Amino acid sequence: HRDPVSVTSSLLTMLCYTARMIRDPVKPAEIGAYWIDRVQRMLSACVRDYDQLPPAQTENVLFHEFMQDDIATIERIYNSAGHAMTPDIRAGMENYMTANPRGKYGRIIYDIQKDFGVSREALYEQLSFYTDKFPVRIENQG
C-alpha cells in the first residue's frame, strides 16, 4: 500500500509519456480525469472487499516499510507464503539491489497540479477512504 496521490501522479505521468507514441496532441487533463476516476474505483473496490479476504491469506505491504528494508519485507512475504529465504536467495536480492539502486537512471519530479490541473489536497480528500483504511505514509511529492 502506498500514498494514493503519489501512485496516481506516477501513473498519470507514465500514461502521458506513453500516449505520446500514439496521440497528437496528448491531453494530460483528459487522461488525468479518466484515470483518477478509475484509480478511485479500484481503490474503492479494494477497501470494500478487503475484509472478505481471510486474514491468513493476506499480507499487507506498506511501501514506506518496503523502502526502509526491502529484503526484510520480502522475507516476511516468503514466510507468510510458507517459503524459506535461503542464503542464496537473499544474496541474489542484495546483489540486485546493490547493482540497481533507486534513482540509478535519474528521478522524475511530479507536479500533479501543474501537469494535470489536479489539486493534491482535493485528491487526498477524494481518496481519504483509502488512507483511512490503510496506514500509508503520505509522501512529499509535488
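Here is a short report on the structure shown in this document. (Residues numbered from 1 in each chain as written. Predicted model: local features only at pLDDT ≥ 70, side-chain atom pairs only at ≥ 80, totals over all residues. Heavy atoms only, no water.)

## Description of helix α1 (residues 4–19)
Counted at 1.5 Å a residue, the expected span for α1 with its 16 residues is 22 Å, and the 22 Å between its end C-alpha atoms agrees. When we look at burial in α1, the residues that qualify are Pro-4, Val-5, Ser-6, Thr-8, Ser-9, Leu-12, Thr-13, Cys-16 and Ala-19. Of the surrounding secondary structure, the elements contacted by the buried residues of α1 are α2 (28–50), α6 (112–116), α7 (120–126) and α8 (128–133). With a side-chain oxygen positioned 2.9 Å from the backbone nitrogen of Val-5, the residue opening α1 is Asp-3. (Helix = DSSP H or I, 4+ residues; strand = E, 2+ residues; numbered from the N terminus. Expected span 1.5 Å × (residues − 1). Buried < 20%, exposed > 50% of the residue type's maximum accessible area, 1.4 Å probe, protein only. Contact = heavy atoms within 4.5 Å. Polar contact = N/O pair within 3.5 Å; in protein donor to acceptor, adjacent residues only side chain to side chain.)

## Comments concerning helix α4 (residues 70–80)
Within α4 the residues assigned to the buried category are Asp-70, Ile-71 and Thr-73. The buried residues of α4 occupy an angular sector of 160° when the element is viewed end-on, so they sit on one face. In the core, the buried residues of α4 are packed alongside α3 (63–68) and α5 (87–99). (Arc of directions from axis to C-beta.)

## What to know about the pattern of salt bridges
A side chain of one charge can pair with a side chain of the opposite charge when the charged atoms of the two come close. Counted under the stated rule, the structure contains 8 salt bridges. For Arg-2, the salt bridge identified is with Glu-139, shortest N-O distance 2.8 Å. Taken together, the residues Arg-2 in the segment before α1 and Glu-139 in the segment after α8 connect sequence positions 137 residues apart. Taking relative accessible area as the criterion, Glu-139 reaches 16% and is therefore assigned buried. (Salt bridge = Lys/Arg side-chain N within 4 Å of Asp/Glu carboxyl O.)

## Structural notes on unusual backbone geometry
Between Asp-24 and Pro-25 the backbone carries a cis peptide bond, its omega angle lying at 5°. Mapped onto the fold, Pro-25 is located in the loop between α1 and α2.

## Concerning the packing of aromatic side chains
Taken as a whole, this structure holds 3 aromatic pairs when the rule is applied. Centroid distance Tyr-34 to Trp-35: 5.3 Å. Interplanar angle 85°. Geometry classified as edge-to-face. Note on Tyr-34: relative accessible area 44%, which makes it partly exposed. A centroid spacing of 5.1 Å and a plane angle of 50° characterise the contact between Tyr-130 and Phe-134, whose relative ring orientation is tilted. What makes Phe-134 buried here is its relative accessible area of 4%. Aromatic ring contacts, followed pair by pair, group Tyr-50, Tyr-130 and Phe-134 into a single cluster. (Phe/Tyr/Trp six-rings, centres within 6.5 Å; stacked < 30°, edge-to-face > 60°.)

## A look at the packing of α4 against α5
In contact at an axis separation of 11 Å, α4 and α5 are set at 145° when each is read in the N-to-C sense. Relative to α5, α4 is oriented so that their crossing is right-handed. Residues Asp-70, Ile-71, Ile-74, Glu-75 and Tyr-78 of α4 form the contact with α5, whose own contacting residues are Ile-89, Arg-90, Met-93, Glu-94 and Met-97. Among the residues forming the contact of α4 with α5, the class breakdown is 6 nonpolar, no polar and 4 charged. (Axes fitted to C-alpha atoms, helices over the stretch in contact; angles between N-to-C directions. Left-handed = near helix turned anticlockwise from the far one by under 90°. Nonpolar A, V, L, I, M, F, W, Y, C, P; charged D, E, K, R; others polar.)

## Observations regarding the layout of surface pockets
Taken as a whole, the second largest pocket encloses approximately 160 Å³ of empty space. Taken together, Thr-13, Cys-16, Tyr-17, Arg-20, Val-26, Pro-28, Ile-108, Ile-109, Asp-115 and Phe-116 form the lining of the second largest pocket. Looking at the lining of the second largest pocket element by element, the count peaks at 3 residues for α1. Residues belonging to the lining of the second largest pocket are distributed by class as follows: 7 nonpolar, 1 polar and 2 charged. (1 Å grid on protein atoms, 1.4 Å probe; cavity = no way out; pocket = protein on both sides within 12 Å on 5 of 7 lines; lining within 4 Å. Points joined across faces, edges and corners; volume = space filled by probe spheres on them.)

## What about the side chain of Ser-6?
You can see Ser-6 is positioned in helix α1. Judged by its relative accessible area of 0%, Ser-6 is buried. A distance of 3.3 Å separates polar atoms of two side chains, one belonging to Ser-6 and the other to Glu-139.

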